Amino acid sequence: MKINIALTKGRLEKQFLQYLKSLGFNIEPLENKGRKLFVEAEEMTFIFAKGVDVATYVEYGICDLGIIGEDILVEYQPDVFDLLPLPFGKCRFALAGKKSLENVQRKRRIATKYPNITHRYFRQKQESVDIVKLEGSVELAPILGLADAIVDIVETGTTLKENGLEILDEVQPITARLIANRSALKIKKSSLDPFIKKLQQEVIFK
Ligand SMILES: Nc1ncnc2c1ncn2[C@@H]1O[C@H](COP(=O)(O)OP(=O)(O)OP(=O)(O)O)[C@@H](O)[C@H]1O
Ligand SMILES: O=P(O)(O)OC[C@H]1O[C@H](OP(=O)(O)OP(=O)(O)O)[C@H](O)[C@@H]1O
């Protein structure tokens, strides 16, 4: 049976394709796909979507497998099977801002693309904060006075540095993950297992 796999467009897509190539897969049809969002390859069908939609396609069983950032899994908690970590997409969640605003004597306002993670983080710290949801360029918020700090993804730290912000606390590490539809794991076991095992071995022995 053919496998359907949903890939997160953008950074993770590129890194996953390089990873597949390093495992000896022929990724030529994917490299030359142009603006196509759906590509039929020999043993697999690939779809390309935003991370949160990858989770939806897998949860609903439209796709058997998905490549997704752990940030999406912890923020949206979709009902999928989290199979294994992959050796790319490594970054982390951090609380960041200006040191001068770290200890303000009032309720802090925190800007983020990830309100659930932020809410859980501050609940654990037993600090009550107001959360402002943004969709991107979150680093602008403390610079322009919209927020006292941010909770966002940090990889190299360049975006923080170039905008005069620093890490105030590490929240949690993130990596790309291979997820699966729960029923597909049983129904398509014989088709999925060899592919999953191939990725798994590489993760273990890397
Ligand atoms: N700077 C980064 N370094 C490494 N991985 C990152 C970084 N930013 C995001 N990621 C990971 O890559 C995934 C996809 O991020 P990407 O920025 O390509 O898409 P996005 O978050 O949907 O943003 P956009 O709305 O710009 O498309 C994220 O879910 C996260 O796991
Ligand atoms: O530590 P760095 O290597 O600088 O990477 C971190 C940046 O990358 C992501 O943003 P992205 O480029 O996805 O843009 P966005 O702000 O529109 O989400 C993230 O939200 C940070 O802004």
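Residues numbered from 1 in each chain as written. Chains lettered and ligands numbered in written order. Predicted model: local features only at pLDDT ≥ 70, side-chain atom pairs only at ≥ 80, totals over all residues.

(A) Focus on the UniProt feature "domain: ATP phosphoribosyltransferase catalytic" (unreviewed entry) in the protein. This chain's UniProt record puts "domain: ATP phosphoribosyltransferase catalytic" (unreviewed entry) on residues 52-200. Secondary structure over residues 52-200 splits into 36% helix and 30% strand, and the C-alpha atoms at its two ends are 23 Å apart. (UniProt positions renumbered as here; feature names shortened; annotations may be inferred. Helix = DSSP H or I, 4+ residues; strand = E, 2+ residues; numbered from the N terminus.)

(B) Broad picture of the site of ligand 1. Among the 15 residues in the neighbourhood of ligand 1, the closest are listed as Gly10, Arg11, Gly69, Cys91 and Glu155. Within the residue set of the shell around ligand 1, elements represented by two or more residues are helix 1 (11-22) and helix 4 (70-76). Partitioned by chemical class, the residues of the shell around ligand 1 number five nonpolar, six polar and four charged. (Near = placed C-beta within 6 Å. Nonpolar A, V, L, I, M, F, W, Y, C, P; charged D, E, K, R; others polar.)

(C) Summary view of the site of ligand 2. Around ligand 2, the neighbouring residues are Gly136, Ser137, Val138, Glu139, Asp152, Ile153, Val154, Glu155, Thr156, Gly157, Thr158 and Thr159. Sorting the residues of the shell around ligand 2 by element identifies strand 9 (149-154) and helix 7 (158-162) as the ones contributing at least two each. With three residues, the single largest contributor to the shell around ligand 2 is strand 9. Each residue belonging to the shell around ligand 2 can be placed in one class, and the counts come to three nonpolar, six polar and three charged.

(D) Structural detail: helix 1. Between the first and last C-alpha of helix 1 there are 17 Å, a value that for 12 residues agrees with the 16 Å anticipated at 1.5 Å per step. Among all positions of helix 1, only Leu12, Phe16 and Tyr19 are buried. Along the long axis of helix 1, the arc covered by the buried residues comes to 60 degrees, so they all point the same way. Where helix 1 ends, the next residue or the one after it, Gly24, has phi of about 95 degrees, a positive value. (Expected span 1.5 Å × (residues − 1). Buried ≥ 20, exposed ≤ 12 C-beta atoms within 10 Å, placed from the backbone. Arc of directions from axis to C-beta.)

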